[in-house]
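The primary structure of each chain is shown beneath.
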Amino acid sequence: MRGARAVVHGAVSILNAIPTWIGGALGVDLWTEAEAWISDDPRRIEAEIPGGEDPSLVIETARTVLQRAGRGDLGLWVRTRSNIPMGRGLKSSSAASDAVALAVARLVGLECDGDEVVRLAVEASIRAGVTITGAYDDAYTCYYGGINITDNKSRKVLLRRMAPEDVVVVISVPEKKIYTRSVDVGRLSAFREVCLKAARLALQEKFWDAMILNGLAIASALDLDPSPILDALRAGAIAAGVSGTGPAIAAITSPKRVDDVREALRDYGDLLICGVNNFEASWEVFG
């Protein structure tokens, strides 16, 4: 049976786009894999998602790509797997929609580049109701890696840089989940001016200063405990902040301070230690 597989990496936030529409993210080497097969059941899309999560985003992404390809008559079976914790602000939805969009596009022979795959993934995420701004910054960074600052309203990349590979990312992952669709936008909008200052810093390539300022603003807006951010910085982290709408906290550190930052964050939740990612999404067709 003909199938396709795509692998997309994860990301953490530099800027939350909800208050200003200006978003920013850093690619990390967590990953999501999507596999898609053409089924014998026309027009029916079935999805298998780890952990019993809602499959609506995967199904909507596959449907969006089939419509774009003019193949709405096809049936698909789609499966995803990932080491990105869901519902913690670590771009699991963006990575999943990217991976599914890429796998289905290659499976059905849709002629499109990476930018078009990202656009289709963003459209599907909006249709599925898992994002407020479209999360173009997250989808673009998950697909391409690196550091990206974007205008999510116009879906334009304002600044793109390779991520420095001499840093380590320490992520605190609390047990609590926060889904973006449940966030009070008004509370975030109240911090618009502070977040604009963070955006200006990011556009001046002061990414770590922007991450700290954004992280403290988002924590204040959403009543998240800022202690992990402050403790990571006291332990020698270069930067730390809320990823997405949380509750995960991402800290950027030099390799020699990893143990100190890990110790500072160990009481706040499970820890993930990862590197940055500068590689583009990959795919293969089989069968």
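What you see is a predicted model; the values in this text were computed from it and never measured.

Rules of the game
- Residues numbered from 1 in each chain as written.
- Predicted model: local features only at pLDDT ≥ 70, side-chain atom pairs only at ≥ 80, totals over all residues.
- Heavy atoms only, no water.
- Phe/Tyr/Trp six-rings, centres within 6.5 Å; stacked < 30°, edge-to-face > 60°.
- Lys NZ or Arg CZ within 6 Å of the ring centre and 35° of its normal.
- Buried < 20%, exposed > 50% of the residue type's maximum accessible area, 1.4 Å probe, protein only.
- Helix = DSSP H or I, 4+ residues; strand = E, 2+ residues; numbered from the N terminus.
- Pairing = 2+ DSSP bridges.
- Core = buried A, V, L, I, M, F, W, Y, C linked by side-chain atoms within 4.5 Å.
- Contact = heavy atoms within 4.5 Å.
- Axes fitted to C-alpha atoms, helices over the stretch in contact; angles between N-to-C directions.
- Parallel < 35°, antiparallel > 145°, perpendicular 65-115°, else oblique.
- Left-handed = near helix turned anticlockwise from the far one by under 90°.
- Nonpolar A, V, L, I, M, F, W, Y, C, P; charged D, E, K, R; others polar.
- Salt bridge = Lys/Arg side-chain N within 4 Å of Asp/Glu carboxyl O.

Asker: I'm lost on the packing of aromatic side chains in this one. Help?
Answerer: By convention here, two paired aromatic rings are described through the distance between centres and the angle between planes. According to the stated counting rule, one finds 5 aromatic pairs in the structure shown. Here a set of aromatic residues connected by ring pairs shows up, and it is made of Tyr136, Tyr140, Tyr143 and Tyr144. Lying over the aromatic face of Trp283, Arg106 brings its terminal NZ or CZ to 5.0 Å of the ring centre.

Asker: Help me understand the pairing of strand E7 (residues 168-173) in this model?
Answerer: Along any regular strand the residues' side chains alternate between the sheet's two faces. Within E7, 6 of the 6 residues are buried, leaving the element largely enclosed by the surrounding structure. With burial as the criterion, each face of E7 is covered, one bearing Val168, Val170 and Ser172 and the other bearing Val169, Ile171 and Val173. As paired elements, E7 and strand E9 (residues 249-253) share 5 bridges and run antiparallel to each other. Counterpart to Ile171 in the pairing with E9 is Ala250. Judged from the 5 bridges that link them, E7 and strand E10 (residues 270-274) form a sheet pairing that is antiparallel. Looking at the pairing, Ser172 lines up with Leu271 of E10.

Asker: Could you clarify how one ought to interpret unusual backbone geometry in this entry?
Answerer: Residues apart from glycine generally show negative phi values, whereas peptide bonds are mostly found in trans. The step from Gly246 to Pro247 runs through a cis peptide bond, and the omega angle for that step is 5°. Following the sequence through the fold, Pro247 ends up in the loop between strand E8 (239-242) and E9. The phi angle at Arg43 is positive, at roughly 65°, despite the residue not being glycine. Examined against the element boundaries, Arg43 turns out to sit in the loop between strand E2 (22-39) and strand E3 (45-48).

Asker: How do you make sense of the nonpolar core when you look at a structure like this?
Answerer: As a rule of thumb, nonpolar side chains are buried together in soluble globular proteins. Core analysis: the biggest nonpolar cluster contains 72 residues, and Leu15, Leu26, Val169 and Ile171 have the highest contact counts within it. Not counting residues up to four positions away in its chain, the partners in contact with Leu26 are Gly10, Ala11, Val12, Ile14, Thr141, Gly146, Ile147, Ala163, Val169, Trp208, Ile252 and Val276. Counting 24 residues, the second largest nonpolar core, distinct from the first, contains Leu188, Cys195, Ala217 and Ala221.

Asker: Would you mind going over the packing of helix H3 (residues 114-128) against helix H4 (residues 136-144) with me for this structure?
Answerer: Relative placement of two packed helices is described by the angle separating their axes and the distance separating the axes. Two numbers describe how H3 lies on H4: the axes approach to 10 Å, and their chain directions differ by 140°. When the axis of H3 is compared with that of H4, the two are oblique. Every pair of crossing elements has a handedness; the one defined by H3 and H4 is right-handed. Contacts from Gly114, Asp115, Val117, Val118 and Val122 in H3 reach Tyr136, Ala139, Tyr140, Tyr143 and Tyr144 in H4. Tallied by class, the residues present in the contact of H3 with H4 amount to 8 nonpolar, 1 polar and 1 charged.

Asker: What exactly am I supposed to notice about the pattern of salt bridges here?
Answerer: Between side chains of opposite charge, a pair can form as their charged atoms come close. Tallied over the full model, the rule gives 22 salt bridges. Across the salt bridge formed by Arg266 and Glu263, the nearest N and O atoms sit 2.5 Å from each other. If you follow the salt bridges from partner to partner, you end up with Arg5, Glu33, Glu35, Arg79, Arg81 and Glu284 in one network.

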